[in-house]
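Below are the chains, spelled out letter by letter.
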Amino acid sequence: MNSLHKKVQIITLHKEKKALLLLEMKADRGFGCQNVTGSVESGEDIFTAAKRELLEETGIEEAELVQLSQEFKFHDRWGKDVIEYCFAALTNKDQITIS
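What comes next concerns the included structure. Nothing here was measured: the structure is a model prediction, and the numbers come from that model.

1. A few points about the overall build of the protein
Scanning the protein from terminus to terminus reveals one helix and seven strands. Reading the secondary structure of the protein in the N-to-C direction produces β-β-β-β-β-α-β-β. Overall, the protein is about 40 × 30 × 20 Å in size when its C-alpha atoms are taken along their principal axes. Expressed as a percentage of contacts within the protein between residues at least 6 apart in sequence, the contacts between residues at least 24 apart total 60%. As presented, the protein carries roughly 6500 Å² of accessible surface, and 50% of it is formed by carbon and sulfur atoms.

2. A short note on the pattern of salt bridges
This model, assessed by the stated rule, comprises four salt bridges. Close ionic contact of R52 with E41 constitutes a salt bridge, the shortest N to O distance being 3.6 Å. Residue R52 is located in helix α1 (residues 46-58), and its partner E41 is located in the loop between β5 (36-39) and α1; the two are separated by eleven residues in the primary sequence. For E41, a relative accessible area of 44% translates into the label partly exposed. Between R52 and E53 there is a salt bridge, with its nearest N and O atoms 2.9 Å apart. The same class applies to R52 and to E53, which are both buried. The network of salt bridges with common partners includes E41, E44, R52, E53 and E56.

3. Considering the environment of E64
With respect to the helices, strands and loops of the structure, E64 is situated in strand β6 (residues 64-75). Remark: the alpha-carbon pair of E64 and L23, spanning 41 residues in sequence, is separated by 19 Å. Setting aside residues up to four positions removed in sequence, E64 forms contacts with K15, A88, A89 and L90.

Cut-offs and rules
- Sequence positions are assigned chain by chain, starting from 1 and proceeding in written order.
- Whole-chain, interface and lining totals are the exception, using all residues; otherwise, since this is a predicted model, local features are given only for residues with pLDDT of at least 70 and side-chain atom pairs are given and counted only at 80 or more.
- The side-chain figures draw on all heavy atoms in the structure; neither hydrogens nor water molecules are used.
- Going along the chain from the N terminus, every DSSP run of H or I of four or more residues is numbered as a helix, and every run of E of two or more is numbered as a strand.
- Whether two residues are in contact is decided by their heavy atoms, any of which lying within 4.5 Å being enough.
- A 1.4 Å probe and the Shrake-Rupley method give the accessible areas. Residues count as covered only by the protein chains that appear here.
- Put simply, a salt bridge is a Lys or Arg side-chain nitrogen that is within 4 Å of an Asp or Glu carboxyl oxygen.
- Buried means the residue's accessible area, taken with a 1.4 Å probe over protein chains only, is under 20% of the maximum for its type, while exposed means over 50%, and partly exposed covers the values in between.

Any functional reading would require information beyond the geometric quantities listed.
What follows is the structure, encoded as structure tokens:
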């Protein structure tokens, strides 16, 4: 793989309810569910990207964010070589706004 496009994946768990947050995928991606994901922006580290994506996609500002040992390398549908870093976000927030 040449220059890798960096992405983050955030597995989001409600601590008290022991519930997993999954987002519904768009129809053009073939219906299903996925974790919060997104690209790392220029000049941004992966931890900051994970916090930003979690906030942008769910409205969750306060969460315990833990980097996991899993990393995935793949070739995406747009022809990019990707490395995706995985995080767990633990929260007790009940009101979640999906964007």
